[in-house]
Amino acid sequence: KMFGLENRLKQPESLAAKIGQEAVEKNIPFRKAADAINDSIRYTSISNERDYVSNYEAIRNKLNELGYKEIRCRNYFGMYKDGKVQHKSVQSIFTDEDGNRFELQFHTPSSQAAKEMKIPLYEEAREKGVSGARKSSLELQMHDLAERVNDPKNVYSIKSFG
């Protein structure tokens, strides 16, 4: 099931802030930072834990048939298990033959709910001037949210690349 289609386009203010942040953090021109943005168009698919992997594969295959190519896949379930991230999902970047990109996030109902609860925590943790203690507290809360999300059946068969 598709989720949040009304939010599939990143808002101009959010996009501008992300470009600015990337340019400053990486010390690159704004144009280069803008070209590196992959989620200005973002879709979300929600599947139950049992059908998650087969739905991911079916969607990827259908997009391939339609001429889209998956150029990057990040299995954050595996990265979470390895202690590298604070959330659980699979996120893929697809491109068409003209190079237009969009992100497709694959969630379960519980991982989507955790993501939505995590957003204000994540935004606060990224603010300038947040104390180390407060940032640690926010990160612990984000970890606790992700900890409640069950891993879908066979999710580790989805390999990260790109």
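I will try to describe carefully the structure that is included in this document.

## Here we look at helix α3 (residues 52–65)
Along an α-helix, a turn takes 3.6 residues, which lines up residues three or four apart on a common side. Helix length check: α3, at 14 residues, gives a terminal C-alpha distance of 20 Å against a target of 20 Å (1.5 Å per residue), a fit within 8%. Among the residues of α3, those classed as buried are Y52, V53, Y56 and L63. Projected down its long axis, α3 shows its buried positions confined to an angular sector of 100°, all on one face. Looking at the buried residues of α3, the elements they touch are β3 (69–75), α4 (76–81), β4 (90–95) and β5 (101–107). Two residues or fewer after α3 comes G67, characterised by a positive phi angle close to 100°.

## A few points about the nonpolar core
Y52, Y56, F77, V90, L104, F106 and I158 are the most contacted members of the largest nonpolar core, which totals 20 residues. Mapped onto this core, the elements with two or more residues apiece are α3, β4, β5, α5 (109–126) and α6 (132–147). At 4 residues, α3 tops the list of elements feeding residues into this core. Y76, M79, Y80 and V85 belong to the second largest nonpolar core, which has 5 residues in total.

## Thoughts on the packing of α5 against α6
Contact geometry for α5 and α6: axes closest at 9 Å, N-to-C directions at 170°. As judged from the angle between their axes, α5 and α6 are roughly antiparallel. When α5 is examined against α6, the residues A114, M117, K118, L121, Y122, E124 and A125 are found in contact with a partner set consisting of R134, K135, L138, Q141, M142 and L145. Of the residues belonging to the contact of α5 with α6, the class tally is 8 nonpolar, 1 polar and 4 charged.

Each value, and the rule that gives it
Residues numbered from 1 in each chain as written. Predicted model: local features only at pLDDT ≥ 70, side-chain atom pairs only at ≥ 80, totals over all residues. Heavy atoms only, no water. Helix = DSSP H or I, 4+ residues; strand = E, 2+ residues; numbered from the N terminus. Expected span 1.5 Å × (residues − 1). Buried < 20%, exposed > 50% of the residue type's maximum accessible area, 1.4 Å probe, protein only. Arc of directions from axis to C-beta. Contact = heavy atoms within 4.5 Å. Core = buried A, V, L, I, M, F, W, Y, C linked by side-chain atoms within 4.5 Å. Axes fitted to C-alpha atoms, helices over the stretch in contact; angles between N-to-C directions. Parallel < 35°, antiparallel > 145°, perpendicular 65-115°, else oblique. Nonpolar A, V, L, I, M, F, W, Y, C, P; charged D, E, K, R; others polar.

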